[in-house]
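Per-entry structural report
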Amino acid sequence: MRTIFSKSPSPPTHHHTFTESLIEENIEAAELSITKWDSLYGDDHVSYCNIASLFSENNRDEAKQYLSSIKGLQKAMRYLASLESTSDKLVRAQTLMQTAMKRLEREFYQILKSNRNYLDPESVSNHSSSRPSVSRSSFSDSEEDGSENDSIPEVERGSSAVIADLRAIAEAMISAGYAKECFKIYRTIRKSTVDEALYNLGVERNLGFQQIQKMKWEILEVKIKHWLNAVKGAVKTVFYGERLLCDQVFAISSSIRESCFTDVSKEGALALFGFPESVAKCKKTPEKMFRILDLYEAVSDLWPEIESIFSFESTSTVRSTAVNSLIRLSDAVRTMLTDFEMAIQKHSSKTTVPGGGIHPLTRYVMNYISFLADYSGVLSDIIADWPLQISSPLPESYFGSPDKEESISSPISVRLAWLILVMLCKLDGKAEMYKDVALSYLFLANNLQYVVNKVRQSNLKLLLGDNWVTKHEQKVRKYAANYERMGWSKVFAALPENPTVEIPVDQVIEHFRNFNSAFEEAYKKQTSWVVTDPKLRDEIKLSLARRIGPIYKEFFDKYGGVQLMKEMCSETLVRYTPDDLGNYCSDLFFGSGSSGSISSSSSQGGGYSR
């Protein structure tokens with residue numbers, strides 16, 4: 001026969017010691033209450049859920065009396081055990097206690113099983129344990145404050161009442177030495193509840209590293225998305241709710257509270273936090289970077305809750321699994337950043353972009369880096385203790401102002417600035433592949449302008465700063481000026497320095513001939529060239545118009561009249577009016593290449609065949 005004592009306690013020393021009559025009175029009161037409710041379920045094999053509940057709304061007073069009689073029975077048993085451990089009264093009391101515990105086992109099971117709507121993780125996690133209605137037992141002698149109770153949602157009130165009942169039963173069973181039975185019932189029912197909640201969230205339990213490693217990325221990415229959608233609810237609702245429930249139901253015993261929560265939640269938590277660690281171990285490729293960062297961010301953001309919920313020593317493996325996931329994920333990100341830089345440096349395409357447009361490398365790298373900038377907070381954590389290793393310091397002119405307060409200094413800013421610089425250096429090499437120097441400068445202007453635009457339009461601007469943008473815009477203008485100088489030098493040289501000064505006719509003829517030839521050559525060649533940015537395109541056109549238009553117009557007005565045409569009737573010497581030049585230049589930089597045939601026999605009014 002079970003005894004509720006690990007050792008015989010000392011006889012009571014307080015003034016109100018038991019008398020024979022008080023002992024008998026306590027035992028009889030307990031017997032009356034216990035046997036009454038024992039008769040309502042009868043056979044020991046009756047289903048737990050088929051009994052009439054002692055803890056229903058209609059029986060609150062009797063439930064209170066039942067638990068009170070058990071306390072009285074315990075007092076009597078302790079006193080009897082201290083005097084004569086083999087007395088008939090003690091045997092009788094122990095038999096009654098066993099009957100009462102069987103009843104409470106069934107009640108505990110029934111309440112857990114039939115009140116899942118009140119005990120689901122969301123209901124438990126939504127109500128605050130600081131509310132008086134939650135911490136107050138259903139069997140408190142004080143009355144509920146009606147106005148306060150009315151302000152609490154019905155589900156929350158129901159949840160609080162059910163938890164109070166469970167706590168009262170758990171306290172009675174644990175005090176009577178039936179902690180093991182109470183624990184077993186709770187663990188069985190609540191573990192299935194937690195497992196079901198995780199399953200409904202989409203947490204996969206049996207997904208090992210070997211399976212993940214063999215998955216195609218498209219399939220794994222879908223699973224990562226499901227995990228990302230599930231993890232917040234799993235931590236903030238399922239595990240948090242279960243921790244609250246354990247803490248409240250087993251408030252009487254810290255060790256049982258810990259054991260219950262660990263047995264119920266540990267397995268699911270390890271499966272949940274083991275997933276990102278397994279993903280991080282897989283082969284690292286650039287397209288996986290952003291999902292890896294998503295996983296890191298999710299675990300990192302939830303770490304305070306993870307640390308708090310799984311604070312027990314017995315759940316330390318859950319904490320360490322989450323930490324290991326962060327370590328593995330951060331290592332994966334560092335590896336992919338290194339591989340990304342190496343891929344830029346090793347890019348070996350020998351083909352040039354038609355018309356000097358945007359190189360695919362520029363688009364890919366800048367899109368990638370601008371996405372990285374969206375993760376600047378996470379990346380800052382990952383690379384905080386991972387200094388950039390380069391043979392020489394970054395050029396001050398690349399960063400911007402030498403003023404330390406304005407220059408790039410944060411590790412994430414330095415890292416992203418370096419990646420852009422690596423790409424720009426690679427583009428310098430690709431520019432040299434163009435046979436036409438002017439086109440190589442146009443290529444550099446186009447690509448750097450694309451880089452600047454990407455920085456302006458993304459979070460990169462916050463990381464790199466206005467000085468960075470200003471410096472690189474100046475470089476774009478420098479490239480454009482070099483293009484203009486190299487691409488139109490013959491046209492500029494064909495015009496007289498002072499178009500209004502009187503010069504001999506033969507020199508006039510020579511200027512017009514040289515201009516026609518130089519302009520046609522430049523135009524035909526450059527109709528297939530492109531300037532992708534509308535603003536830059538307009539700036540270059542305007543600059544050309546300012547350098548060519550006014551001088552040519554003055555020269556044309558002075559020498560391009562009828563008299564010269566009569567003298568030189570054997571050839572169409574003046575092929576373009578100033579307006580023609582404006583029309584031709586306006587067609588440049590769209591990369592069409594199909595409208596660039598200028599007829600050598602065109603009239604003075606314009607010789608552009610369309």
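Residues numbered from 1 in each chain as written. Predicted model: local features only at pLDDT ≥ 70, side-chain atom pairs only at ≥ 80, totals over all residues. Heavy atoms only, no water.

As annotated in an unreviewed UniProt entry, the protein chain carries the name Exocyst subunit Exo70 family protein and comes from Gossypium armourianum. Regarding the protein chain, the UniProt comment filed under Function (unreviewed entry) reads as follows: "Component of the exocyst complex." (UniProt positions renumbered as here; feature names shortened; annotations may be inferred.)

Take the overall build of the protein chain next. Helix and strand counts for the protein chain stand at 25 helices and 2 strands. A total of about 29,600 Å² of accessible surface is found on the protein chain, and carbon and sulfur atoms cover 50% of it. (Helix = DSSP H or I, 4+ residues; strand = E, 2+ residues; numbered from the N terminus. Areas by Shrake-Rupley, 256 points an atom, 1.4 Å probe, with all protein chains shown as cover.)

Once that is clear, we can look at the side chain of Arg415. Tracing the backbone through its elements, the reader meets Arg415 in helix H18 (residues 411-431). Although buried, Arg415 forms no salt bridge, and the nearest oppositely charged side chain, Glu341, lies 4.9 Å from it. Discounting chain neighbours no more than four positions away, the residues touching Arg415 are Ile383, Trp386, Pro387 and Leu388. (Buried < 20%, exposed > 50% of the residue type's maximum accessible area, 1.4 Å probe, protein only. Lys, Arg positive; Asp, Glu negative; His and termini not counted. Salt bridge = Lys/Arg side-chain N within 4 Å of Asp/Glu carboxyl O. Contact = heavy atoms within 4.5 Å.)

To continue, consider the pattern of salt bridges. Opposite charge on two side chains permits pairing when their charged atoms draw close. As enumerated under the stated definition, the model contains 22 salt bridges in all. As a salt-bridge pair, Arg205 and Asp195 come within 2.9 Å of each other at their nearest N and O atoms. Remark: Asp195 occurs in helix H9 (residues 179-201) and Arg205 occurs in the loop between H9 and helix H10 (209-214); sequence separation between them is 10 residues. In this structure, Arg257 and Asp247 form a salt bridge, with 3.4 Å as the shortest nitrogen-oxygen distance. Of the two residues, Arg257 sits in helix H12 (residues 254-281) while Asp247 sits in helix H11 (residues 217-249), which places them 10 residues apart along the sequence. Through salt bridges with shared partners, one network takes in Lys191, Asp195, Arg205 and Glu267.

This next bit is on helix H15 (residues 360-373). Helix length check: H15 (14 residues) gives 20 Å between terminal C-alpha atoms against 20 Å at 1.5 Å per residue, within 8%. For H15, the complete set of buried residues consists of Leu361, Thr362, Val365, Met366, Tyr368, Ile369, Ser370, Leu372 and Ala373. In this fold, the buried residues of H15 make contact with helix H13 (289-309), helix H14 (316-346), helix H16 (376-383), H18, helix H19 (437-456) and helix H20 (460-487). (Expected span 1.5 Å × (residues − 1).)

Let's shift gears to the packing of aromatic side chains. Under the definition given, this model contains 23 aromatic pairs. Between Phe290 and Phe371, the aromatic rings sit 5.6 Å apart at their centres with planes inclined by 65 degrees, giving edge-to-face as the arrangement. With Phe290 in helix H13 and Phe371 in helix H15, this pair connects stretches of sequence that are 81 residues apart. Judged by its relative accessible area of 17%, Phe290 is buried. Consider the rings of Phe515 and Phe519, whose centres lie 5.8 Å apart with planes at 10 degrees: the pair is stacked. Placement of the pair is Phe515 and Phe519 together in helix H22 (residues 505-526), with a separation of 4 residues, close to one helical turn. The exposure class assigned to Phe519 is buried, which follows from its relative accessible area of 0%. One aromatic cluster in this structure is built from Trp488, Phe512, Phe515, Phe519, Tyr523, Tyr552, Phe555, Phe556 and Tyr584. Note that Lys281 overlies the ring of Phe209, its terminal NZ or CZ placed 5.7 Å from the centroid. (Phe/Tyr/Trp six-rings, centres within 6.5 Å; stacked < 30°, edge-to-face > 60°. Lys NZ or Arg CZ within 6 Å of the ring centre and 35° of its normal.)

A few words now on the side chain of Asn453. Mapped onto the fold, Asn453 is located in helix H19. Side chain to side chain, Asn453 and Asp533 meet in a polar contact 3.1 Å long. (Polar contact = N/O pair within 3.5 Å; in protein donor to acceptor, adjacent residues only side chain to side chain.)

Let's shift gears to the packing of H15 against H19. At a minimum axis separation of 10 Å, H15 and H19 run at an interaxial angle of 15 degrees. In terms of axis orientation, H15 runs roughly parallel to H19. The element H15 and its partner H19 pack so that their crossing is right-handed. Where H15 abuts H19, its residues Thr362, Arg363, Met366, Asn367 and Ser370 lie against Asn447, Tyr450, Val451, Lys454 and Val455. (Axes fitted to C-alpha atoms, helices over the stretch in contact; angles between N-to-C directions. Parallel < 35°, antiparallel > 145°, perpendicular 65-115°, else oblique. Left-handed = near helix turned anticlockwise from the far one by under 90°.)

The subject of this paragraph is the state of the cysteines. Summed over the entire model, instances satisfying the criterion amount to 0 disulfides. Free of any disulfide, Cys182 has its nearest cysteine sulfur in Cys260, 6.9 Å distant. Classification of Cys182 as buried rests on a relative accessible area of 0%. There is no disulfide at Cys260, and the cysteine sulfur nearest it, in Cys246, is 5.5 Å away. Relative accessible area serves as the criterion here: at 0%, Cys260 is assigned to the buried category. (Disulfide = S-S within 2.5 Å.)

As a further point, take the confidence of the model for the protein chain. This prediction gives the protein chain a mean pLDDT of 81; 80% of its residues lie at or above 70. Predicted confidence in the protein chain is weakest over helix H6 (residues 132-135), with a mean pLDDT of 34, and strongest over H13, with 96. Within the model, pLDDT remains below 50 along residues 399-406, and this stretch shows 13 contacts once partners closer than five positions in the same chain are excluded. Taken as a whole, residues 599-610 scores under 50 in pLDDT and shows 37 contacts with residues more than four places along the chain or in a different chain. (pLDDT = per-residue confidence, 0-100.)

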